[in-house]
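An overview of the molecular structure
Single-letter residue listing:
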Amino acid sequence: MADVNLSASIRSEFGKGAARRLRREEKIPAVIYGHGEDPVHVALPSYDMMMALKTPNVLIHLDVDGKKQLVIPKAVQREAIRGFLVHADLLVVRRGEKVNVDIPIHVEGDLAPGQNLLEHVLVALPVEAEATHIPESVTVSVEGLDAGDSVTAGQIKLPRGTSLAVEEDDVVIQVLAAQAEEPEPEEETEGEAEAPSEVAPE
């Protein structure tokens with residue numbers, strides 16, 4: 001797994017006004033928590049954090065005003081329209097301990113011939129892994145799968161030291177048959193118009 005070094009500073013101001021001031025300084029508010037310690041409110045460099053988050057479950061060596069900590073991102077809030085970072089929750093981890101995380105699922109291979117559709121029941125796989133050795137992703141082959149076939153969590157090969165955090169028979173991916181479109185109603189053509197009803201004689 002990838003790891004990065006970031007520096008953070010303790011923050012004592014809260015609320016929307018304080019958040020706006022941080023954004024003007026190209027920083028974002030964040031909270032560090034875990035191991036029964038009181039949460040620590042910090043400010044992070046927004047660009048560096050955004051780049052770090054390009055790697056799922058990135059391990060961050062964080063320097064908080066001279067205090068070193070290992071953390072992983074647990075929740076990130078983004079602005080709905082422009083997508084810039086708004087807030088981050090960081091979980092303190094230690095070497096050798098296990099953590100529960102969701103890792104991305106990459107699909108490879110081609111489905112069986114036909115109008116089949118691939119449905120991702122899970123977009124990420126919940127696993128338990130050592131905090132400093134979290135897999136970046138898992139790969140699932142769908143080569144030759146046909147409508148009605150599926151891949152369960154237990155069929156996915158996991159890296160050594162990683163275990164499932166869901167049931168083995170939970171469906172991760174399934175193949176569906178494409179629904180045939182209903183035929184459009186035929187339009188009336190000349191000569192097929194409805195005959196006028198007969199008028200009873202007076």
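Within every chain, residues take consecutive numbers counted from 1 along the sequence as written. The predicted nature of this model means local features are confined to residues of pLDDT at least 70 and side-chain atom pairs, given and counted, to a pLDDT of 80 or more, with totals for whole chains, interfaces and linings taken over all residues. Water and hydrogen atoms play no part in the side-chain values, which are based on all heavy atoms of the structure.

**Examining helix H1 (residues 16-24)**
Categorising residues by exposure relies on relative accessible area from a 1.4 Å probe, with only protein chains included: less than 20% of the type maximum marks a residue as buried, more than 50% marks it as exposed, and the intermediate range marks it as partly exposed. In this text, helices come from DSSP runs of H or I with a minimum length of four residues, and strands from runs of E with a minimum of two, each type numbered from the N-terminal end. When we look at burial in H1, the residues that qualify are Ala18, Ala19 and Leu22. Projected onto a plane normal to the axis of H1, the buried residues spread over an arc of 100° and lie on a single side. Exposed residues lying more than 90 degrees from the buried face of H1 are Lys16 and Arg24. Any pair of residues with heavy atoms lying within 4.5 Å of one another is described as a contacting pair. Contacts made by the buried residues of H1 are with strand E2 (27-34) and strand E3 (37-45). In the stretch just after H1, Glu26 is the one whose phi turns positive, near 60°. Summarising the geometry, the arc corresponds to the directions from the helix axis toward the C-beta atoms.

**What about the environment of Thr162?**
Its place among the elements puts Thr162 in the loop between strand E11 (150-152) and strand E12 (163-164). Beyond its immediate stretch of four places on either side in the chain, Thr162 contacts Val127, Glu128, Ala129 and Pro135.

**Here's the deal with the pairing of E2**
Burial within E2 is extensive, with six of its eight residues counted as buried. Pairing between E2 and E3: seven bridges, direction antiparallel. Opposite Ala30, over in E3, you have Val42 as the bridge partner. When DSSP finds two or more bridges between two strands, those strands count as paired.

**Quick look at the pattern of salt bridges**
The working definition used for a salt bridge is a side-chain nitrogen of Lys or Arg within 4 Å of a carboxyl oxygen of Asp or Glu. Using the criterion set out here, one finds one salt bridge in the structure. Put simply, Asp63 and Lys68 hold a salt bridge, and the shortest N to O gap is 2.9 Å. According to the relative accessible area criterion, Lys68 is exposed, its value standing at 63%.

**So, the pairing of strand E10 (residues 138-141)**
Every second residue of E10 is oriented toward a common face, the buried set being Val138 and Val140 and the non-buried set Thr139 and Ser141. Two strands pair when backbone bridges link them, and strand E7 (residues 98-108) and E10 are joined in this way by four bridges, in the parallel orientation. Within E10, the residue paired with Val107 across the bridge is Val140.

**A few points about a positive patch on the surface**
Any residue with relative accessible area above 30% and no salt bridge may belong to a patch, with like charges joined within 9 Å and the nonpolar Val, Leu, Ile, Met, Phe, Trp and Tyr side chains within 5 Å. For accessible areas, the Shrake-Rupley method is used with a probe of radius 1.4 Å. Any residue's cover is judged against the shown protein chains and nothing else. Only four residue types enter the charge count, namely Lys and Arg as positive and Asp and Glu as negative; His and the chain termini do not. To locate a charge, take atom NZ for lysine, CZ for arginine, CG for aspartate or CD for glutamate. Residues Lys16, Arg20, Arg23 and Arg24 make up a contiguous surface patch of positive charge. Structurally, the position occupied by Arg20 is in helix H1. Note on Arg20: relative accessible area 43%, which makes it partly exposed.

**Description of the sheet that holds E10**
Read from one edge of the open sheet, four strands run E10-E7-E9-E12, paired in mixed fashion. The open sheet has two free edges, formed respectively by E10 and E12, since each of these has just one partner strand.

**What about the sheet that holds strand E13 (residues 171-177)?**
The three strands are arranged E8-E13-E11 in an open sheet whose pairing can be described as antiparallel. Each end of this open sheet is capped by a strand with a single partner; those strands are strand E8 (116-120) and E11. Pairwise comparison of adjacent strand axes, ignoring direction, gives a mean angle of 15° for this sheet. As defined by bridge partners, E11 adjoins E13 across three bridges and the pair is classed as antiparallel. Note that in E13 the partner of Ser150 across the bridge is Gln174. Convention adopted: a line fitted to C-alpha atoms gives each axis, helices being fitted over their contacting stretch, and angles between N-to-C directions are expressed from 0 to 180 degrees.

**Some remarks on a negative patch on the surface**
On the surface, Glu167, Glu168, Asp169 and Asp170 cluster together to form a negatively charged patch. Residue placement: Asp170 occurs in the loop between E12 and E13. Look at Asp170 and you get partly exposed, because its relative accessible area is 30%.

**Quick look at the nonpolar core**
Counting 24 residues, the largest nonpolar core has Ile72, Val93 and Leu125 as its most contacted members. Those elements that provide at least two residues to this core are strand E5 (67-78), E7, strand E9 (124-130), E10 and E13. A total of four residues in this core trace back to one element, the largest contributor, which is E7. In this view, Ile72 contacts Asn57, Val58, Leu59, Asp89, Leu90, Leu91, Val93, Val99, Val101 and Ile134; residues no more than four positions away in its chain are not counted. The criterion is simple. A nonpolar core is a set of buried Ala, Val, Leu, Ile, Met, Phe, Trp, Tyr and Cys residues joined through side-chain atoms within 4.5 Å.

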